[in-house]
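# Observations on the model geometry
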Amino acid sequence: MSATKNKAIEQNKQYVCPDKIRIFNQIGIDLVIGKRQGPYIYDLDGQQLIDVHINGGTYNLGHRHPEIIDAMKEAMEMPIDIGNHHFPSPLRGEVAQMLVHLSPGNMKYCVFASGGSEAVDIAIKSARHATQRRKIVSIDNGYHGRTGLSGAVGNTKNASFFLSDTPQDSLTVAFNDVPAMKSALESKDIAAVILETIPATLGFPLPQKGYLEEVKLACEQAGTLFIADEVQTGLSRSGKIWAIEKFNVVPDIIVTAKGLSGGMYPIAAAILNEKAGSWLLEDGFAHVSTFGGSEIGCHIAKKVIEIISRPETLAHVNSISCYLADSLKALQKKYSHLVEVRQCGLIAGLKFEGEMGAVFMSKALYDNGVWAMFSGYDLSVLQFKPYLFTDQALVDVLMEKLEKSIKQCSP
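Predicted model only: the values in this text are computed from it and were never measured.

### Things to note about the pattern of salt bridges
- Tallied over the full model, the rule gives 18 salt bridges.
- In this structure, the salt-bridge partner of Glu214 is Lys182, at a minimum N-O distance of 3.5 Å. Here the residue Glu214 occupies a position in helix 9 (residues 211-222), and Lys182 occupies one in helix 8 (residues 178-185), the gap between them amounting to 32 residues.
- Glu403 is the partner of Lys334 in a salt bridge, and the nearest nitrogen-oxygen pair spans 2.6 Å. One end of the pair, Lys334, is in helix 12 (residues 311-334); the other, Glu403, is in helix 14 (residues 392-409), and 69 residues separate them in sequence.
- The exposure class of Lys334 is exposed, given its relative accessible area of 53%.
- Salt bridges linked by common partners bring Glu67, Lys303, Glu306 and Arg310 together as one network.

### Quick look at the sheet that holds strand 14 (residues 374-375)
- Sheet architecture is open: four strands sit in the order 11-12-15-14, paired in antiparallel fashion. Only two strands of the sheet have a single neighbouring strand rather than two, namely strand 11 (338-344) and strand 14.
- As paired strands, strand 14 and strand 15 (residues 378-383) are joined by two bridges and run antiparallel to one another. When the bridges of strand 15 are listed, Phe374 appears paired with Leu382.

### Notes on the pairing of strand 8 (residues 225-229)
- Burial runs high along strand 8: five of the five residues are buried.
- Alternating residues of strand 8 divide into Leu225, Ile227 and Asp229 and Phe226 and Ala228, and every residue in both groups is buried.
- Considered for its hand, the β-α-β crossover made up of strand 7 (residues 190-196), helix 9 and strand 8 is right-handed.

### A few points about the sheet that holds strand 10 (residues 268-273)
- Across the sheet, which stays open at both edges, the seven strands sit in the order 4-10-9-8-7-5-6 with mixed pairing between neighbours. Taken across any chain shown, the strands that pair with only one partner, and hence form the sheet edges, are strand 4 (107-113) and strand 6 (170-173). Each strand axis lies, on average, 20° off the axis of its neighbour in the sheet, ignoring direction.
- Sheet topology note: the strand 7/strand 8 ladder contains five bridges and is parallel.

### So, the packing of helix 4 (residues 90-101) against helix 11 (residues 295-308)
- At their nearest, the axes of helix 4 and helix 11 sit 9 Å apart, and the two run at 30° to each other. As for how helix 4 packs across helix 11, the hand of that crossing is left-handed. Along its contact with helix 4, which presents Leu91, Arg92, Glu94, Val95, Met98 and Leu99, the element helix 11 presents Glu295, Cys298, His299, Ala301, Lys302, Ile305 and Glu306.
- Its residues placed into classes, the contact of helix 4 with helix 11 shows seven nonpolar, one polar and five charged.

### A word on unusual backbone geometry
- Look at Leu163: it is not a glycine, yet its phi comes out positive at around 55°.
- With a phi angle near 55°, Asn248 is a residue other than glycine that sits in the positive phi range.

### Considering the packing of aromatic side chains
- Under the counting rule described, the total for this entry stands at six aromatic pairs.
- By the ring-pair criterion, three or more aromatic residues cluster together here, those being Phe24, Tyr366, Trp371 and Phe374.

### A word on helix 11
- Between its terminal C-alpha atoms helix 11 stretches 20 Å, which fits the 20 Å expected from 14 residues at 1.5 Å a residue.
- In terms of residue burial, helix 11 counts as a mostly covered element, since 11 of its 14 residues are buried.
- Taken together, the buried positions of helix 11 are Glu295, Ile296, Gly297, Cys298, His299, Ile300, Ala301, Val304, Ile305, Ile307 and Ile308.
- If you follow the buried residues of helix 11, they end up packed against helix 3 (66-77), helix 4, strand 4 and helix 12.

### Describing the packing of helix 12 against helix 14
- Close contact between helix 12 and helix 14 brings their axes to 10 Å; oriented N to C, the two are set at 20°. Between helix 12 and helix 14, the angle falls in the class roughly parallel. Pair helix 12 / helix 14 crosses with right-handed handedness. Every residue of helix 14 that contacts helix 12 at Ile320, Tyr323, Leu324, Ser327, Leu328, Leu331 and Lys334 is listed here: Gln392, Val395, Asp396, Met399, Leu402, Glu403 and Ile406.

### Here's the deal with the side chain of His337
- By secondary structure assignment, the location of His337 is in the loop between helix 12 and strand 11.
- With a relative accessible area of 6%, His337 lands in the buried category.
- The residues contacting His337, other than those within four sequence positions of it, are Lys351, Phe352, Glu353, Met361, Ile406, Cys409, Ser410 and Pro411.

### Overview of the nonpolar core
- Leu99, Phe112, Tyr211, Phe226, Phe384, Met399 and Leu402 are the most contacted members of the largest nonpolar core, which has 91 residues in total.
- Among the elements that make up this core, the one with the highest residue count is helix 11 (eight residues).
- Beyond its immediate chain neighbours, meaning those up to four positions away, Phe112 contacts Arg92, Val95, Ala96, Leu99, Ile122, Ile267, Ala268, Ala269, Ser289, Gly292, Gly293 and Cys298.
- Within the second largest apolar cluster, 25 residues are counted, among which are Ile122, Ile124, Ala127 and Val153.

### Quick notes on helix 9
- An ideal rise of 1.5 Å per residue puts 16 Å on 12 residues; helix 9 measures up with 17 Å between its terminal C-alpha atoms.
- Taken together, the buried positions of helix 9 are Tyr211, Leu212, Val215, Lys216, Ala218, Cys219 and Ala222. Seen end-on, helix 9 carries its buried residues on one side only, within an arc spanning 160°. Residues of helix 9 that are exposed and point over 90 degrees away from its buried face: Glu220 and Gln221.
- Looking at the buried residues of helix 9, the elements they touch are strand 5 (135-139), helix 8, strand 7 and strand 8.
- One or two residues past the end of helix 9 sits Gly223, with phi positive at roughly 70°.

So, how was this worked out
- Residues numbered from 1 in each chain as written.
- Predicted model: local features only at pLDDT ≥ 70, side-chain atom pairs only at ≥ 80, totals over all residues.
- Heavy atoms only, no water.
- Salt bridge = Lys/Arg side-chain N within 4 Å of Asp/Glu carboxyl O.
- Helix = DSSP H or I, 4+ residues; strand = E, 2+ residues; numbered from the N terminus.
- Buried < 20%, exposed > 50% of the residue type's maximum accessible area, 1.4 Å probe, protein only.
- Pairing = 2+ DSSP bridges.
- Right-handed = clockwise from strand over helix to strand, strands pointing away.
- Axes fitted to C-alpha atoms, helices over the stretch in contact; angles between N-to-C directions.
- Left-handed = near helix turned anticlockwise from the far one by under 90°.
- Contact = heavy atoms within 4.5 Å.
- Nonpolar A, V, L, I, M, F, W, Y, C, P; charged D, E, K, R; others polar.
- Phe/Tyr/Trp six-rings, centres within 6.5 Å; stacked < 30°, edge-to-face > 60°.
- Expected span 1.5 Å × (residues − 1).
- Parallel < 35°, antiparallel > 145°, perpendicular 65-115°, else oblique.
- Core = buried A, V, L, I, M, F, W, Y, C linked by side-chain atoms within 4.5 Å.
- Arc of directions from axis to C-beta.

The following block contains the structure:
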């Protein structure tokens, strides 16, 4: 290990997050990212890795996409900075309009944030104001962030760790369990149901046929709003702009973040329909975010939206997704260690034998030149998410490395 890499690890161990470094060191992963470009990241010591974790979708377009770099340079040359969130901004207005027009249903407003957790907070506050109810339903072991409101829904282990959980207002039910969801909504005191369209940290289990449609119908009958958390599944990863569109559901609120940044400047948003956004007509200062919708971030997000909404981008995602699906199915037939392939577009969860199966696979892939993260709430499932411009040659290389790693990990 080089002195530079060792220094970075020691400084982070001392000043940033000792326990996280301890966990990765126990697994045998000592990655310190240096250079990065397209689908590749490079360890400070020079090892090249194909990035199929892409930080939860942050690098949908790959690392340092040339058009995003150009947009960043343009922003730096413009007479702007992050701006002032109190006043109108041409860039903020334009990006909001783009997001509203690209969303299903009667979306009307866009409230900006600096990250996904904050955007989920906005979504929950909006639903509570619109319904004048407090309770939120999510799924067991769902994940929606780590801030106050976002951390108190789904898996609340970390919220309770900080004494920030709100069990009186937060209910969870099993994913894909329609009767349980209907039962939770029967009291008609639920402000919103919040769901990741395909729950990432749970290992990307796919919604069963009709599940999301049934949940949305139950919400309508109970006067409850439906929040689609598209932080990891949105922005064309599924082959549609929003994954929820593949299931014929029109949410009341959509949350987006991560990939909206182009991997270069943080920006997130909650997209609201008229009812969910009613508070904006009553008290424009009810939620403010100094860095939410920064003008530099909006200039980059504008380019991201343009790229991900191009017909050729969506066509490519749908085409390469089919090739990836066929390749993964072929591997699954050869190796029983690969128990299940869960895929929707370029969103994939690979389930392996054993409770820690994906942890061992993550280490093996790391040694073989691929960075793929295990799912935090199901350590048997590997998150496998190539970037949008993956081609057949890259899929073939990934399959070779995946097969090699499976052989190393198979009993």
